[in-house]
Amino acid sequence: MSTKADTPSEAEIQEWCASYLVTALRIKRDRIGFDADFASFGLDSVESVFMVTAAEDWLGLELGSEAAIENPSVNAFAAFLMKCLEKKAAGRAGGR
Amino acid sequence: MSETLFDRPFASMADLIASRARERPEAPAFAYVPERGDERLALTFAQVEARARAVAARLLEHAEPGDRALLLFPPGLDCVVAFFACLLSGIVAVPLMVPRRTAARDFSVAILADCTPRLLLTSAELVDSRPDLTDWFDRAGATWLVVDAQDDVSPAAGAEGWAPSRSDLALLQYTSGSTSTPKGVMVSHGNILANLEMIRRRMENPAGAVSVNWVPLYHDMGLMMGVMQPLYLGGLSVLLAPASFIRRPLNWLRAIHDYRAAVTSAPNFAFDLCVSRFQPDAMKGMDLSCWQLALNGAEPIHADTIDRFNQTFAPYGLNPGTMYPGYGLAEATLLATGSQRGTGAVRRMVSRDSLRAGRADPPRGEEDGQCLVSSGRAVPDSSVVIVDPDTQTPLPPLVVGEVRVHGAHVAQGYWHNAEVSAETFPLSGDGSSTERTLRTGDLGFVDDAGELFLTGRIKDLIIIRGMNHYPADIERTVQDSHEALRRDCGSAFAVTDDSQGEKLVIVQEVERTMRQSLDAEGLARVVREAVTKAHEIAVEAVVFIRPASLPKTTSGKIQRGLTRRLWTEGRLEVIGVG
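Residues numbered from 1 in each chain as written. Chains lettered and ligands numbered in written order. Predicted model: local features only at pLDDT ≥ 70, side-chain atom pairs only at ≥ 80, totals over all residues. Heavy atoms only, no water.

## As for the overall build of chain B
- From N to C terminus, chain B includes 17 helices and 27 strands.
- Here the C-alpha radius of gyration of chain B, 24 Å, is about what a compact globule of 578 residues would show, namely 25 Å.
- Dimensions of chain B, computed from C-alpha atoms along their principal axes, come out at roughly 75 × 60 × 55 Å.
- Residues classed as buried in chain B amount to 57% of the 578 residues present.
- Restricting the contact set of chain B to residue pairs at least 6 apart, pairs at least 24 apart contribute 73%.
- For chain B, the centre of its 58 positive side-chain charges and the centre of its 71 negative side-chain charges are spaced 3 Å apart. (Helix = DSSP H or I, 4+ residues; strand = E, 2+ residues; numbered from the N terminus. Rg over C-alpha atoms; globule rule 2.2 N^0.38 Å. Buried < 20%, exposed > 50% of the residue type's maximum accessible area, 1.4 Å probe, protein only. Contact = heavy atoms within 4.5 Å. Lys, Arg positive; Asp, Glu negative; His and termini not counted. Charge placed at Lys NZ, Arg CZ, Asp CG, Glu CD.)

## So, the environment of B:Trp162
- Along the chain, B:Trp162 turns up in the loop between strand 6 (143–146) and strand 7 (169–177).
- If we ignore the near neighbours within four places in the chain, the residues touching B:Trp162 are B:Pro65, B:Ser89, B:Gly90 and B:Asp168.

## Let's talk about the nonpolar core
- Within the largest apolar cluster, 160 residues are counted, with the highest numbers of intra-cluster contacts made by A:Phe77, B:Phe84, B:Leu121, B:Trp252, B:Leu253 and B:Phe313.
- A per-element tally of this core places helix 3 (residues 78–89) of chain B first, with ten residues.
- When residues are assigned to domains, this core turns out to be shared by domain 1 (3–98 + 110–153 + 167–262) and domain 2 (354–457) of chain B, each giving three or more.
- Excluding anything up to four places from it in sequence, B:Leu253 contacts B:Cys274, B:Met283, B:Met286, B:Leu288, B:Trp291 and B:Phe313. (Core = buried A, V, L, I, M, F, W, Y, C linked by side-chain atoms within 4.5 Å. Domains from an automatic or database assignment.)

## Some remarks on the packing of helix 11 (residues 268–276) of chain B against helix 12 (residues 303–313) of chain B
Residues and elements named next belong to chain B.
- One can describe the packing of helix 11 onto helix 12 by two numbers: an axis separation of 9 Å at closest approach and a directional angle of 40°. Regarding the angle of helix 11 to helix 12, the classification is oblique. Seen along the crossing, helix 11 lies across helix 12 with a hand that is left-handed. Facing Asn-268, Phe-271, Asp-272, Cys-274 and Val-275 of helix 11, the residues of helix 12 in contact are Thr-305, Arg-308, Phe-309, Thr-312 and Phe-313.
- Its residues placed into classes, the contact of helix 11 with helix 12 shows five nonpolar, three polar and two charged. (Axes fitted to C-alpha atoms, helices over the stretch in contact; angles between N-to-C directions. Parallel < 35°, antiparallel > 145°, perpendicular 65-115°, else oblique. Left-handed = near helix turned anticlockwise from the far one by under 90°. Nonpolar A, V, L, I, M, F, W, Y, C, P; charged D, E, K, R; others polar.)

## Notes on helix 12 of chain B
- The complete set of buried residues in helix 12 of chain B reads B:Ala303, B:Thr305, B:Ile306, B:Phe309, B:Asn310, B:Thr312 and B:Phe313.
- Where helix 12 of chain B is buried, its residues touch helix 10 (250–258), helix 11, strand 12 (293–296), strand 13 (323–328), strand 15 (347–351) and strand 16 (369–373) of chain B.

## Re the sheet that holds strand 18 (residues 382–387) of chain B
All names here are of chain B.
- The four strands lie next to each other as 18-19-20-21, forming an open sheet whose pairing is antiparallel. Single-partner strands in this sheet number two, and they are strand 18 and strand 21 (452–457). This sheet shows a mean twist of 50° between the axes of neighbouring strands, independent of strand direction.
- Here five bridges tie strand 20 (residues 436–446) to strand 21, and the two strands are oriented antiparallel to one another. When the sheet's bridge partners are listed, Leu-443 is paired in strand 21 with Gly-456. (Pairing = 2+ DSSP bridges.)

## Observations regarding the domain arrangement of chain B
- Segmentation of chain B into domains returns domain 1 (3–98 + 110–153 + 167–262), domain 2 (354–457) and domain 3 (462–577).
- Centre-to-centre separation of domain 1 of chain B and domain 3 of chain B, based on C-alpha positions: 37 Å.

This is the structure:
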């Protein structure tokens, strides 16, 4: 879990997010709509913090603990993570 | 450091704060460990008193003793300083959870209306990070003040003169009551002082013991065990953010190791979380042999949890006797019973069949056996009696009844709610004593040695991760979520799963017209979303049943206990599950 991937695409992040929900919430993959609110799958505040932590570990990012509550769907969360990755890459490039 | 710290009666919590500052001025009192980075803020006993005294003077410019002040803080030491300022000035503290940005409903409205605060205390950090709260502050109708634990104060600053007494209120604890009719438990300075001494003696906590705590300070366990018991012991309290624990549970153990902590407090789920997030890498170099007492309370305690936790962390020096089951509630300030230090959890195998009949007989075979964990014995100078819930007559050992608590730690009642107060806190004797009696609404039995075993609740209260939820609130959310769901025809209850604590199940009637076209999965999604957003808990199962098939009494009251039993026995008229 702690290995950093080469920068994934937004679609890959969405896929990661969906499979995370399948494992964490023990629900079927076909039940996950990418625009549906996380809460509709039963992702409560504690579970959402776990998902944020897992995303941090995977992507090497530092996120706020409410990141998944504030971006509460697969699409919104993936877009948010993508933006964080771009910001981080820009920061690194600018720092050199 | 000696036991002389405890050998005199304190006039109030203000007296206790001043005494510790005088006795141990340079000793570290509170430290906050942020989730990332090393900038750890720490205050000595003298510093925390001086800063709180300066804030107290500011509070008294805007309010009078007896007025209420809401405490709305992110994790950190600002909250501790603000709380102490209230104790020093006689202003009644009302600790609250910070409303979420995305909350579908604002649960604090009813609390504001109930306690009519004069002041609202918060931190610069919260004001900066949550501009949306300014509206909320304005609506609260209270003067809001920013408290900063790092503000340097000149030693001369501060209010002198008036001081609170033991009978004055120290805080209102809003952990009881449904959201529509909140109940603020009135905790006096005397209640806190009494319970602090009871806890110290029952736990045999030595002077100067170091504590590590991540339970939120708006929770009675967080405030008593994370702030007040450490102050009483004159020992360092290390505070972590609740989210930091949830994200990285092993951070808690790391802090225990780093600070050589002896005492912690957390609900049962915390121990499960440490096991499920266990990683040998993150545990490298950790030595937990310093950890002497881990209070496990605030939700049902599971033997399996304790076994798994002890097994997982024994290689890191954890003593199996560290686990310390206890039982408490805000109505008794905090702790009502506790185990024997160092002996670990006391267990008892009882017959499931006999439990259903209200007795704790030995099991008649393996299938019939259920392992219960003792919550310990009554704290010193108090009593715990099992009574018949209807007649209030005491019951013999091994018979299940309502748990009744008596002592100087029993709170003064519910704020502005004489009717419910009289029911829950029946006056004993002539009413002249400072000791009161509390009907807890919890069910249990004691064994011959006086060990308390909890078996359930009279109230339909649902406790998940140490937080109380009222079924009526959840049922209303469910029925508001979709027109196909019949009003007042649903039941929310918790089922206990041996490994993972309590889980929420919702049984709900659907309208006749919707029966044929029911999309159970889609509707369940709507229900889940509404419940999770409004109450921050996940729903294990949403069960749709035939109209008019929900068990109710003849007077139309929902029979949640019976519904639960029918569900577990598979006897409901189910038309869809999602």
